[in-house]
Protein chains: 2
Amino acid sequence: VTLPRFFAPSAKTGSSTVVLPADEAHHLRHVLRAGAGAEVAVFDGAGREWAGRVVASQKHGDVIIELMGELTPVAEPPVRLTLGIGVLKGDQMDAVVRDATMLGVSEIAPFASEHVSVTPRAWRSGASLERWQRVAIASAKQCGRAVVPIVSPVARFDELLGDAKVVRLMCVEPAAAGSQSRPLGAMARPSTALALIGPEGGWTAAEIEAAQRQGATLVHLGPRTLRAATAPTVLLSALWTVWGW
Amino acid sequence: VTLPRFFAPSAKTGSSTVVLPADEAHHLRHVLRAGAGAEVAVFDGAGREWAGRVVASQKHGDVIIELMGELTPVAEPPVRLTLGIGVLKGDQMDAVVRDATMLGVSEIAPFASEHVSVTPRAWRSGASLERWQRVAIASAKQCGRAVVPIVSPVARFDELLGDAKVVRLMCVEPAAAGSQSRPLGAMARPSTALALIGPEGGWTAAEIEAAQRQGATLVHLGPRTLRAATAPTVLLSALWTVWGW
């Protein structure tokens, strides 16, 4: 039997109890309707997980969980992988964040490149970032991960490229980069990597050149045109097949 | 510039014109608003594609396309792959059919296994099958394939297993089959394969045993729990990474 899992970022080894954040308390009380004595699991989002028991859960009070003992968390992938993704329209980013979390990324780095069609107004308030971070938490709860990936604030594509000191992979359409790209296949396993996926409109030639100057490897994922919101799932699945799950 | 693509199953090499099916005629007239003289591409769903030009497009008449010359279709994957999928709830099957088409399967074979929670009433009328087939056509148009995968009628799981005379892969949760399953990795490339993904509720022990008796290899896709509607995309991406795109 799988215990219902809750995100408790303030849980600490050595503490005997933890207070759930408001969202999680709501989930426990109003969705699962769990009361005092219920057995649960809590994870801190940084890779630790505990068996726990609900001590107190009053309608307007805190939900307090007694930490019973540390559990072995689900294994993390062998590479610390950041997914760089051009901001997509509407709720497509929610699907990308959900699936990338389930597929073990350490960080999701949305960026604004030339062909991103969403206006910066959409993310300036920070509400998008907060929503994406909530989606990552919900996905971590469901998929069993004890790690919640960081969702970074939207950066300019050149900033993202400049900051990264890691192996870079850039997904391109086969037609876009001609013979310069190769199908994703065997590749030595790095300890850290940044994988880049463009927005619906793809990359400009200048963006591809800039990435190549920074040492990026151009890869493609078969000859068919992939939906922008599905391409990250395809890329991540391919990478774990090559590097080990 | 990519030509707008239309599905014309009656197109034949040697014919000079083809009449579009009603759905496609509607798309051309009312969505793309293309009139006589417009340049398009048509594909027959079986792997052939032509450059074409709209000859006639009257409000209540047929849309007739003149076939100008055969085009080289987007390459198909190196394995004739059937995706066997436990029927999922709601519109999740639409997403599965859409993404499996984009990922190059030859056939989608929905099945009813023990833990399928959708009642047979949902698919008995044939309306679901028709909808899934329309989704496959729409996805083929968008991803550039000249092949439309066949969506078979919903079969019982044991019928599907019994009929198939091909390499079988069965995706299981790592916990479900213990040490009997291995992470999907290197594997010789067959010419034909059947890959099986269970419904939300997973497989029964008897179903896993039945598949093993028929020679199925049990594989898992990492230690995290995947959403049922995303698991096919993960599996197919992993298989093409191993077998070539």
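Residues numbered from 1 in each chain as written. Chains lettered and ligands numbered in written order. Predicted model: local features only at pLDDT ≥ 70, side-chain atom pairs only at ≥ 80, totals over all residues. Heavy atoms only, no water.

## Concerning the packing of helix α8 (residues 231-243) of chain A against helix α8 (residues 231-243) of chain B
Between α8(A) and α8(B), whose axes approach to 8 Å, the crossing angle comes to 50°. Here α8(A) lies oblique to α8(B), going by the angle between them. Every pair of crossing elements has a handedness; the one defined by α8(A) and α8(B) is right-handed. Packed against α8(A), whose contacting residues are Thr233(A), Val234(A), Ser237(A), Ala238(A), Thr241(A) and Val242(A), the element α8(B) presents Thr233(B), Val234(B), Ser237(B), Ala238(B), Thr241(B) and Val242(B) at the interface. (Axes fitted to C-alpha atoms, helices over the stretch in contact; angles between N-to-C directions. Helix = DSSP H or I, 4+ residues; strand = E, 2+ residues; numbered from the N terminus. Parallel < 35°, antiparallel > 145°, perpendicular 65-115°, else oblique. Left-handed = near helix turned anticlockwise from the far one by under 90°. Contact = heavy atoms within 4.5 Å.)

## Observations regarding the pairing of strand β7 (residues 107-112) of chain A
All names here are of chain A. Relative to β7, strand β6 (residues 80-86) runs parallel, the two being bridged by 5 bridges. Among the inter-strand pairings, isoleucine 85 is bridged to a residue of β7, identified as proline 110. With respect to chirality, the unit in which β6 leads through helix α2 (residues 92-102) into the neighbouring parallel β7 is right-handed. Across 2 bridges, β7 lies against strand β8 (residues 150-151) in parallel orientation. Across the sheet, isoleucine 108 pairs through a bridge with valine 151, a residue of β8. (Pairing = 2+ DSSP bridges. Right-handed = clockwise from strand over helix to strand, strands pointing away.)

## Here we look at α8(B)
Residues and elements named next belong to chain B. If you check α8, its first and last C-alpha atoms are 18 Å apart, about what 13 residues at 1.5 Å a residue would give, namely 18 Å. Buried residues dominate α8, accounting for 12 of its 13 residues. Of the residues making up α8, those classed as buried are Ala231, Pro232, Thr233, Val234, Leu235, Leu236, Ser237, Ala238, Leu239, Trp240, Thr241 and Trp243. Of the residues trailing α8, glycine 244 is marked for its positive phi of about 95°. (Expected span 1.5 Å × (residues − 1). Buried < 20%, exposed > 50% of the residue type's maximum accessible area, 1.4 Å probe, protein only.)

## Remarks on the nonpolar core
Within the largest apolar cluster, 98 residues are counted, with the highest numbers of intra-cluster contacts made by Leu81(A), Leu221(A), Leu239(A), Trp243(A), Leu221(B), Leu239(B) and Trp243(B). Other than its neighbours up to four places away in sequence, Leu221(B) contacts Trp245(A), Cys171(B), Leu184(B), Leu226(B), Ala231(B), Val234(B), Leu235(B) and Ala238(B). (Core = buried A, V, L, I, M, F, W, Y, C linked by side-chain atoms within 4.5 Å.)

## Considerations on the pairing of strand β7 (residues 107-112) of chain B
As paired strands, β7(B) and strand β9 (residues 155-156) of chain B are joined by 2 bridges and run parallel to one another. Within β9(B), the residue paired with Ala112(B) across the bridge is Arg156(B).

## Re the relation of the copies chain A and chain B
Each copy superposes on the other: chain A lies on chain B with an RMSD of 0.0 Å after a rotation of 180° and an axial shift of 0.0 Å. Such a combination of rotation and displacement between the chain copies is what one expects of a two-fold axis. No C-alpha of chain A approaches the rotation axis more nearly than that of Ala238(A), which lies at 2.6 Å. A shared interface surface links the copies, since 100% of the contact residues of chain A are contact residues in chain B too. (Least-squares fit on C-alpha atoms with pLDDT ≥ 70 in both.)

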